[in-house]
Amino acid sequence: MGDITTEEYASFYKAMSNDWEDHLAVKHFAVEGQLEFKAVLFCPKRAPFDMFETNKKKHNIKLYVRRVFIMDTCEDIIPEWLNFIKGIVDSEDLPLNISREQLQQNKILKVIKKNIVKKCLEMFEELADNKDDYKKFYEQFSKNIKLGIHEDSTNRKKLAELLRFPSTKSGEETTTLKDYVTRMKEKQNSIYYITGENKKQLESSPFTEACKKRGYEVLLMTDPIDEYAMQQLKDFEDKKFVCLSKEGLKFDESEEEKKRKEEEKAAFEGLCKLIKEILGDKVEKVQLSDRIVSAPCVLVTGEYGWSANMERIMKAQALRDASTSSYMASKKTMEINPSHSIVKELKKKADEDKSDKTVKDLVWLLFDTSLLTSGFSLDDPSGYAERIHRMIKLGLSIDD
C-alpha cells in the first residue's frame, strides 16, 4: 500500500464514485488475524445533496469477497451517520454465495463494520491535524459527526473531540472542547453553552451575562442538530454541560452573596407572587435570577424539557405531531433581576397599589419582551403592539 501515489488514489476514487473532484482524505488498510479483509475508504470534499434522504439506496461501500463483487447496497457495513464515506471492502472470510438475509445475521460483517468506524475516526483525527482541510471537512460533514454523537454511544467520546464550536472567546475561529476545558477558570466546574438561531443573536443574549461577568467562556451552538446531540452528550472530560437558558444553573457564591440573595428573595417575594397572578398559566413560576446582569428579566425553560430553540425547531417540522409539542413544550420560569431599575420601580408601584393597571401592563410588556429576547415567539403579537403603542403615547404625553 505504501507505493500508491496520491494521483492514483484520486483517479481510482473518481472512477469508483463518479465524483468530479478529488477526495479529501483516504484510509487504506488491511485487517489480519482471526478475520481478514482489506479496505480503502475515501472521504469526499463535499457532501452529496441527498445525504440525509432516508428512502434512497446508498451505493457507497462496495463489498467484495475474495475479489468477487457481491453488492454495493449493504447497509450493515457502515452506520447511517457515516453515509458519505465511499470505498471498497474485500473480505476473505465471507462465503461467496451469501444472500442478503444471511448477510444481515453475519457476525463477520459486524466486525468489519466496527473496524470501518474505527478507521474512519482515525482518518478524521488525522484530518484534524491540518486546520484548513479540517475546516473544509467540518463545514460539509459536521452534521454527520453530531448525528454520530446522537446514535453511536460507543464512540461518543472520540466524536466529541472532533466537534468545533464558536464561543464568546473564540472570535472568528471555532474552538474544540479540549481547548475550552484548558481555558476554564479556577472555580468553573461546568462547560456552559447556549443554543439559538445565529451567532450574533447568541452573543448578545441576556443568558450569557452572568458568565461574561465572571469571565467564563460560553459555547454558541447554532446548528439545529446541536440540540439533539446535546441531549446525548452529558459531559466531556468529567465536566458537565450546562445550558444557560435552562433551569439548574448555579454559580459558586461567597457567604456575603448568599446572604444578600436571601434578603432580596424575602423583599421581592410579594412582587414575584403578583407577577405570577397576572401572567397566570403563561409561566410555571416567578423567581429572582442569578444569570442576568443588565436585562430586567428572562424566561428560562425546564432542565429536561425543550429549550426555546428546540421549540422553534419543532414548530418548523412539517409533519410534526401536535400532541408531543404540548407536553414537551417548555414550562417557562420567569426570572427577574432585582437590581434592575425597572424591576425596582415596578416593586415600588406594586407595593403602593396591587391593582394598578400600569403595573399589569408593565408586567405583560416585560413578559412579551423577555419571550423575544429568550428566543420564543409571541403568542399574541397584536396585543403586544397595542401595549407598546400605549407606552409610546405615554412617552409623547398624548391623552386619548
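Residues numbered from 1 in each chain as written. Predicted model: local features only at pLDDT ≥ 70, side-chain atom pairs only at ≥ 80, totals over all residues. Heavy atoms only, no water.

(A) Representation of the sheet that holds strand E4 (residues 68-71) in the model. With mixed pairing, the 5 strands of this open sheet are ordered in space as E1-E2-E5-E3-E4. Single-partner strands in this sheet number two, and they are strand E1 (25-31) and E4. Here the strands of the sheet are splayed against their neighbours by 20° on average, with no regard to which way each runs. Sheet topology note: the strand E3 (residues 61-65)/E4 ladder contains 3 bridges and is antiparallel. The partner of Val65 across the bridge, within E4, is Val68. Sheet contacts for helix H3 (residues 107-128): E1, strand E2 (37-43), E3 and strand E5 (86-91); angle to E1, the most-contacted strand, approximately 140°. (Pairing = 2+ DSSP bridges. Helix = DSSP H or I, 4+ residues; strand = E, 2+ residues; numbered from the N terminus. Axes fitted to C-alpha atoms, helices over the stretch in contact; angles between N-to-C directions. Contact = heavy atoms within 4.5 Å.)

(B) How the structure looks around the packing of helix H10 (residues 255-279) against helix H13 (residues 341-352). The geometry of H10 relative to H13 is characterised by a closest axis approach of 10 Å and an angle of 80° between their N-to-C directions. When the axis of H10 is compared with that of H13, the two are roughly perpendicular. Seen from H10, the contacting residues are Ala267, Phe268, Leu271 and Leu274; seen from H13, they are Val343, Leu346, Lys347 and Ala350. Here the contact of H10 with H13 is built from residues that sort into 7 nonpolar, no polar and 1 charged. (Parallel < 35°, antiparallel > 145°, perpendicular 65-115°, else oblique. Nonpolar A, V, L, I, M, F, W, Y, C, P; charged D, E, K, R; others polar.)

(C) Layout of the pairing of E2. Among the 7 residues in E2, 6 count as buried, and that is most of the element. Across 7 bridges, the pairing between E1 and E2 is antiparallel. The residue bridging Ala30 from the neighbouring strand is Lys38, located in E2. Here E1 folds back onto E2, and the loop between the two strands holds 5 residues, one of which, Gly33, carries a positive phi near 120°. In this sheet, E5 lies alongside E2 in antiparallel orientation, the contact comprising 6 bridges. Counterpart to Leu41 in the pairing with E5 is Gly87. (Buried < 20%, exposed > 50% of the residue type's maximum accessible area, 1.4 Å probe, protein only.)

(D) Structural detail: the side chain of Ser289. Looking at the secondary structure, you find Ser289 in the loop between strand E10 (285-288) and strand E11 (297-301). A relative accessible area of 8% means that Ser289 is categorised as buried. Reaching out from Ser289, the side chain makes a polar contact with the backbone nitrogen of Arg291 at a distance of 3.0 Å. In contact with Ser289, not counting residues within four places along its chain, are Glu335 and Ile336. (Polar contact = N/O pair within 3.5 Å; in protein donor to acceptor, adjacent residues only side chain to side chain.)

(E) Region of the structure containing unusual backbone geometry. The phi dihedral of Glu237 is positive, around 50°, even though this residue is not glycine. Examined against the element boundaries, Glu237 turns out to sit in the loop between strand E8 (235-236) and strand E9 (239-243). Owing to a relative accessible area of 39%, Glu237 belongs among the partly exposed residues under this scheme. If you check the backbone angles, Ser397 has positive phi at about 45° while not being a glycine. Residue placement: Ser397 occurs in the segment after helix H15 (381-395). Judged by relative accessible area, Ser397 falls into the exposed class, the value being 64%.

(F) Up close: the pattern of salt bridges. Inspection of the entire model under this criterion finds 27 salt bridges. For Glu173, the salt bridge is made with Lys131, and the minimal N-O distance between the two is 3.4 Å. Of the two residues, Glu173 sits in the loop between helix H5 (156-162) and helix H6 (177-182) while Lys131 sits in helix H4 (residues 131-151), which places them 42 residues apart along the sequence. Overall, Glu173 belongs to the partly exposed group, its relative accessible area being 43%. Its relative accessible area of 59% is what places Lys131 among the exposed residues. Linking Lys347 and Asp351 is a salt bridge whose minimum nitrogen-to-oxygen distance equals 3.3 Å. Of this pair, Lys347 and Asp351 both sit in helix H13, 4 residues apart, roughly one helical turn. (Salt bridge = Lys/Arg side-chain N within 4 Å of Asp/Glu carboxyl O.)

As far as function goes, none of this settles anything; it's purely spatial.
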